[in-house]
Each structure stands twice: as structure tokens, then as C-alpha cells.
Amino acid sequence: MRKKFLITIIFILLIIAMTFPLIFETTTHIPGFFSTDEPYGAIWSFWRIKYSFLNKLSLKRTDLIAHPFGMDLYASGSISYLWLFWTHLLSIFTTPVLTWNIQILLNLFLSLVFSYLLVFYLTKNKLSGILGGTIFGLCPYQFVRIWQHVGLTYNQWLLLILLSVILLKENPFSKKRIFLFFISFFLLLSFDWSIMYMGIISLFCFLVYVFFYRWRVKFFKKNELFISDFRFLGKVFISMALVFVILLPQFLWAIKNRLSMNKINFTPSAFSHYARPFEDLFTQSAKPLSYLLPAVVHPIFGKFTERFIGSHLYGVSFTEHTLYLGWTGLTLAFIAFRAWRKRRKNKQLTINSEQLTEREDFYIGFFVFLSIVAWFFSQPPWWKFGPIKIFMPSFFMYKILPMFRAYCRFGIVLMLPVSVLAGFGLKFILERFKHRKTKLAITALFCSLVLFEFWNYPPYKVIDVSKVPEVYYWLKEQPGDFAIAEYPLDADSPNEMYKFYQTKHEKKIINGTIPGSYANRVAQEIRNLSEPRTAGILKWRGVRYVIVHYDGYLNSELLEDKKEFEKIPQNSSLKLVKSFPAEECPKKDIMCVKKTGPIDVYEVIAEPINPNLCMLE
């Protein structure tokens, strides 16, 4: 118990260190970095849940955004019910910022704990477990996710499903292990859909490996081994079937909408829940250097990696292509792989008088197999050598599941076997030494190297969300039930920052429309604020004030945006009522949402104009 407590404290301290200074600012700051925008939409969602609950509004539909048309938030049906319950519970009983941070910190901790348990169980070595936990739980992929996608931080379920199926494999008659696998699979299918997808692929790899492991012996010599495998597989598939039956309601809408795509002329879109553009599979696939170069945010080596951003060797995304595996982990994994290869060539191989057991042979072989599968899954749809195309798994999977496009996310699946194999590699090294202090020192050295490779500050990767520009406090004080419009208008895709600002001023906004929706079609009509007709349509939509952001126009690379900004004051249907100067962050070394350029507030004084919907057809 004392050792377990000590390991828990070590992991907590590591999380505090790697996310510093978040632990001291959990109610006012969120993890984030320079290209962050999506967390603001999630925080708005958490705020909306509580706001709707307290004001007895619908939790399913809202007109707080895309006003007055509103939006059915769960129309797609692609919502995991347990995650929905969890986020509603946190949103109602905490604050939006805490709802985000609780999930982030808890998921990091569980990833560390479950990766430790997995590596420790396989290696029977606590020090290997600590190293494996550190590699998986604190890898750069984890951090780019906590800075942007809360759903993709639930990587602990990838670990738990493999740990539970391994436990069940070793004792398929244990009711406790059957129940653990059932719960693990239930959790895997109850949160993020990408996590679910990657977890099922990982589980399928294990089942295939179990069936074909030593198949010659099973087929020609010991048929009873096949019978044992079938019993194990039977319990696995029965448990999976029960989970699918229980969770069937959350899949029905997804299945129905997916099937309906085949009956209509459907165009894949980045905003579709069921079909993303095929071209995205190329831009959001892993590249050779994605796995080998330190993260761009590394304080020493990041500048070197930044040179490759946008190249075909690394990729175009700061987040999606941060897949660095770490040379320390790869080196230790190679040591384990090399020992495993020798074992398969020479049954009598020993390492410091400790023979590699059949159990180790099985698990090292599996994780080598999983690493190969994960790497292939992370690749683009095909490799092209002149006229020859070699198709990768993503090409075929897209035909079945076109809603998945970012196959580079299989990088976290590849990190899983690297952490396990690195744990085996450390175990083989430690077996060469007798003294415990020496083993502790070697483990501390390797852990330190891993942490150095994965380090991400300075500058600090947190964002102060406690204060917003002064204009929104002024708006909150204005009496009456009215809507506002933020410009430049987000007619091409929702501006998550506009939605976040609403959590402070609490006025309805016309922004936040989704392309393809009726509200967005109307938004396309009023992109140019300088046109008198725009003011009339805004008045018809209940808008009293228009918030004009200088930065949104003047920082644009398009000349027409700057010309549009110059023409806005000439619109006689708008009355300038207040101007707010530029603002800076309270602390220079911490990013914030308060920083902004000058902002003008216009009152809409036009007569209402109902837009000609025929023009929008």
C-alpha cells in the first residue's frame, strides 16, 4: 500500500510539473497554446448547459447562438450518453473552466495509472511500470490534446481495454475479469468516437494475434489450445455484444444517418458528423518526421522542428502532427525487440541468467504487431511510387467509416506499444544489476530523459480566461432582451471565441451558425456590414448592437476585408455608440482572452428587413 501511495504521489507531481502553473489556477486558467481555439467552444457548451438548467431552458435546443433560428445541439445523434451525462453533471455543479480542467487532469492521471498498471502487469516490474506510465501518460500527443480536444484526452480507455482483455485471456473463467472487460468495453464506447474507433482496432489486433499465435503448434500438435482460444474469444464477443445492445440507442441515429447518405446526393464536409472530405486523409495522416522530431513546443528543440512544419516530411498541423515518440523510449523498445528476436531464434537464450519466458515472448510479439498495425493505420490512403499505388488501411476504412479523417491520431496507439516495449527494455537492463539503489538510479535517469524530451515550457502553456475585453462587461449591463452580432461575421465556420464571450455578457448572438444550416444561409446574406440591407436583416433578427473587431479586419491578408472595414462607418443604418481601446494581457508570460485590438459598438437603427429566402435557395 505504501508503494502504491508513493507511485500515485509521483504521478500527481509529474502532472503538476508538466502542466505548471495550471494546478494553482484551475478556476481561472485552462491548458492551451498559440493555435488554440476549440476549447472556447467547449467551455461555451459547458456554460450553456448550466445557464439553460438554471433558467429552465431546453438542454437539447438553444437559440442563444444562431439567433433567432437556434440550433438543435444533438440533431446528429452522434453523442455518447455516458459522456453526455458526465459533462452535464460537471457543468451544472461546477464552473465551465473547472468542467474542462477536471476532465483534463483526471484523464492525464488515469492515463498514467493505467499505463503503469499495464506495463507493471506485463513486466512484473514496478520501475518498468513507472517508466512506461511516464512515456505514455506524458507524451507530446497527450498535451496537444489537452490544449485543444477534451474528447481526445480519454486515452486511458485504450489502455484499460487492453489490460482487461489481457487479464481475461490469462483467466477466461474469472467472473471478475469478465466483468472488468465488460466495463472496460462499455467505457471505451461511451466517450469520444475516435477513442472508440482506435480502441476497437487495438482490441481486434489482440484477438487476431491470440488466434494466430503459435498456430502451427495449435493446428498440428495441440488442438486443445484452439479450444481454449475459442472459449476466450466466445466470452469476449458475448461481452461485446451485450455492451452493443445496451448502447444501441446511441448508435441508431448514427447508423440511420450513415445509411441515408447512400440515398441522397451528399457532399462530405468538415462539419458533417458522418462523412469528411477524402482529401483530409492526406493532410491529416502521419508523416515520417512526425514521429521522430521533438514537439514544436519544446523549449530547446522546438525551433528546429518548426522549420519542417508544412513540409511533406512532417505535416501541416501543429497539433495533429505532434506525434513524437521520444528517442529514449524508442531506444529501450529496440532493446526489448532485439532480445525478443534473439529469443525466437534461440530457445535457450538467457539474459543475465533470466530466461525469456513464453509469456514475455507472447506479449512482446503482440506489441510489436500492434505497433506495426498502428503505424500503417496512421499513414495516408496510399503511397505512390510513379504509376504504382500501394493502398493503406485508411483508404479501405474510409469506404466503411467516412466520418474518420485524422488517421494520424493512431499515433497514440503507436505510443502505447512503445511504452510497453520500453518497459520491457528497462526490465532487461535492470536484470543486469543486483543493488536496488543502482536500479533506482538507472530508472530515474531514463525517466528524466523522457521528461526532458517531452518538456513543453517555457513559455507557459496556459491561458487566462478569467477576464474578457471590457466591451462585454458593458454589454452585460445593458438592459433588455436583445441579440448582438459580432463582426467580422463567422459565416464560413463558427467563431468559437464569439461563443466564449457570450459566457460573460449572456446576450443572445446571431453568430455560431453551422455551414449548411438555414441560419448560415441567412448569415451569407449579411457578411458585409457596410451594406444598408445588412442592418435591416440584423434588425429583423433582433440585433440591437453590432460589435466590430478591428483585428478581425485589419489583420486579414485580404484587401477586400480592409476595404470593407473602412466602409462600415459610412453605413447610415448603423450608429456608433461606443469605442473601446486595445487591451493587453495582465501577465506578459501568460496568454489570455482579454487581449484585443480596438473594438467599436454600433447600434442598429434600420427598419427590419425580412431576407428574400428565394435568393438563398
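Residues numbered from 1 in each chain as written. Predicted model: local features only at pLDDT ≥ 70, side-chain atom pairs only at ≥ 80, totals over all residues. Heavy atoms only, no water.

1. A look at the state of the cysteines
Counting across every chain of the model gives one disulfide. Each sulfur of the disulfide joining C585 and C592 lies 2.2 Å from the other. Given an S-S torsion of about -95°, the disulfide between C585 and C592 has left-handed geometry. Judged by its relative accessible area of 13%, C592 falls in the buried class. No disulfide involves C139; its sulfur sits 13 Å from that of C408, the nearest cysteine. (Disulfide = S-S within 2.5 Å. Buried < 20%, exposed > 50% of the residue type's maximum accessible area, 1.4 Å probe, protein only.)

2. Some points on the layout of surface pockets
Reported here for the second largest pocket is a volume of approximately 890 Å³. Looking at the second largest pocket, it is lined by 38 residues, and the ones nearest its centre are P488, N495, Y498, D551 and G552. Mapped by element, the contributors of at least two residues to the lining of the second largest pocket are α21 (496–505), α24 (550–554) and α25 (559–567). Among the residues making up the lining of the second largest pocket, the classes are represented as 17 nonpolar, nine polar and 12 charged. (1 Å grid on protein atoms, 1.4 Å probe; cavity = no way out; pocket = protein on both sides within 12 Å on 5 of 7 lines; lining within 4 Å. Points joined across faces, edges and corners; volume = space filled by probe spheres on them. Helix = DSSP H or I, 4+ residues; strand = E, 2+ residues; numbered from the N terminus. Nonpolar A, V, L, I, M, F, W, Y, C, P; charged D, E, K, R; others polar.)

3. Describing unusual backbone geometry
With an omega of 5°, the peptide bond between F20 and P21 qualifies as cis. In this fold, P21 is placed in the loop between α1 (2–18) and β1 (29–31). Cis geometry marks the peptide bond from Y457 to P458; its omega dihedral reads 10°. Residue position: P458 is located in the loop between α19 (436–454) and β8 (462–464). The backbone phi angle of K56 is positive, close to 55°, even though this residue is not glycine. Counting through the fold element by element, K56 comes out in the loop between α2 (38–54) and β2 (61–62). Positive phi, normally seen in glycine, also occurs at K124, with a value near 60°. Mapping K124 onto the fold places it in the loop between α4 (96–123) and α5 (126–137). A residue is classified by how much of its surface remains accessible, and K124, at 52% relative accessible area, is exposed.

4. Some thoughts on the sheet that holds β8
Taken in spatial order, the three strands make up an open sheet running β1-β8-β13, and their pairing is mixed. Looking along the sheet, the strands with just one partner apiece sit at the ends: β1 and β13 (591–592). Pairing of β8 with β13 involves two bridges; the strand directions are parallel. Along β13, the bridge assignment pairs I463 with M591. (Pairing = 2+ DSSP bridges.)

5. So, the pattern of salt bridges
Counted under the stated rule, the structure contains 13 salt bridges. With its nearest N and O atoms 3.1 Å apart, the salt bridge here joins K476 to E506. Placement of the pair is K476 in helix α20 (residues 470–477) and E506 in the loop between α21 and β10 (508–509), with a sequence separation of 30 residues. The exposure class of E506 is partly exposed, given its relative accessible area of 31%. We note a salt bridge from K499 to E496, for which the minimum N-O separation is 3.2 Å. Separated by three residues within a single helix, K499 and E496 lie in helix α21, roughly one turn from each other. For the pair K499 and E496, one class covers both residues: buried. Connected through salt bridges with shared partners, the residues R145, E320 and R409 form a single ionic network. (Salt bridge = Lys/Arg side-chain N within 4 Å of Asp/Glu carboxyl O.)

Scope: geometric values only; no functional claims are made or implied.
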